[in-house]
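# Secondary and tertiary structure notes
Each chain, written out:
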Amino acid sequence: RLAGTILICGMGNGVHRIADTPWLRRGERTLYWGDVDTLGITILGWLRRGLPLVRSVLMDEATLKALPDTEVADPTSAAPEIPEHLLSGSEWNCYRVVTSKTPRRRLEQERIPQAHAVAAIEHAFNGNE
C-alpha cells in the first residue's frame, strides 16, 4: 500500500550502520519507529545524528496515553543520556514521561495493535506529522 518504500527492521542499537547511507540522508520521508522507552527514544536520537530529517512515528506521549494497558515493565536500570536538540518537543516530552515512571514502564512495538500502527505510518507517509 506504500509504493516505493522499504522497511528496515531489527536494527536496534545498530542504527548507526544505516545513518551514512547517502540516499537515506536525502530523504525527507524517512521514518523511525521503535519501542516507546528510554532506549528506543535514545536510538532515535542517535539515528538523527546521521539522518537529521528522520521523523518518528508512534513515539510520543499521545501513543502512551492511547494505549496505557499495553505497557510492560522496562528492565532498563538507568536512562541513557540524549541531547535534547536531537528530539522534537513531543519526543522529548515522551522521553521525560518514560524516564520518570516508577517502576519503569515501556510500550513495545509489537504490543501496538497492527491497525493502529498501519494507520499512523500511512498518515506519516502521506506528509502528515
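Everything here concerns the structure above.
Residues numbered from 1 in each chain as written. Predicted model: local features only at pLDDT ≥ 70, side-chain atom pairs only at ≥ 80, totals over all residues. Heavy atoms only, no water.

### A closer look at the pattern of salt bridges
Overall, the coordinates contain six salt bridges when judged by the stated rule. Where E61 meets K65, a salt bridge forms, and the shortest distance between an N and an O atom there is 3.6 Å. With E61 and K65 both in helix α3 (residues 61-66), this residue pair falls four residues apart, about one helical turn. Here K65 falls in the exposed class, since its relative accessible area comes to 61%. (Salt bridge = Lys/Arg side-chain N within 4 Å of Asp/Glu carboxyl O. Helix = DSSP H or I, 4+ residues; strand = E, 2+ residues; numbered from the N terminus. Buried < 20%, exposed > 50% of the residue type's maximum accessible area, 1.4 Å probe, protein only.)

### Brief notes about the side chain of T42
Mapped onto the secondary structure, T42 falls in helix α2 (residues 38-50). Classification of T42 by relative accessible area gives buried; the value is 0%. Those residues in contact with T42, other than ones at most four positions away along the chain, are P80, E81, I82 and Y95. (Contact = heavy atoms within 4.5 Å.)

### Concerning unusual backbone geometry
The omega torsion across T102 and P103 is -5 degrees, close enough to zero to call that bond cis. One can find P103 in the loop between α4 (89-100) and β4 (105-106). Positive phi outside glycine occurs at L58, with the angle close to 60 degrees.

### Topic: the environment of M59
Within the secondary structure layout, M59 lies in the loop between β2 (55-56) and α3. Residue classification places M59 among the buried residues on the basis of a relative accessible area of 2%. Spatially, the C-alpha atom of M59 lies 20 Å from that of L2, the residues being 57 residues apart in sequence. Setting aside its immediate chain neighbours within four residues, M59 contacts Y32, W33, G34, D35, V36, G40, I41, E91 and C94.

### Structural notes on the packing of aromatic side chains
Aromatic ring pairs are reported here in terms of the distance separating the ring centres and the angle at which the planes meet. In total, this model carries one aromatic pair according to the counting rule given. Note on W92 and Y95: the rings are 5.3 Å apart at their centroids and 20 degrees apart in plane angle, and the pair reads as stacked. You can see W92 and its partner Y95 sitting in helix α4, three residues apart, about one turn around the helix. A relative accessible area of 16% places W92 in the buried class. Given the relative accessible area of 7%, Y95 is considered buried. (Phe/Tyr/Trp six-rings, centres within 6.5 Å; stacked < 30°, edge-to-face > 60°.)

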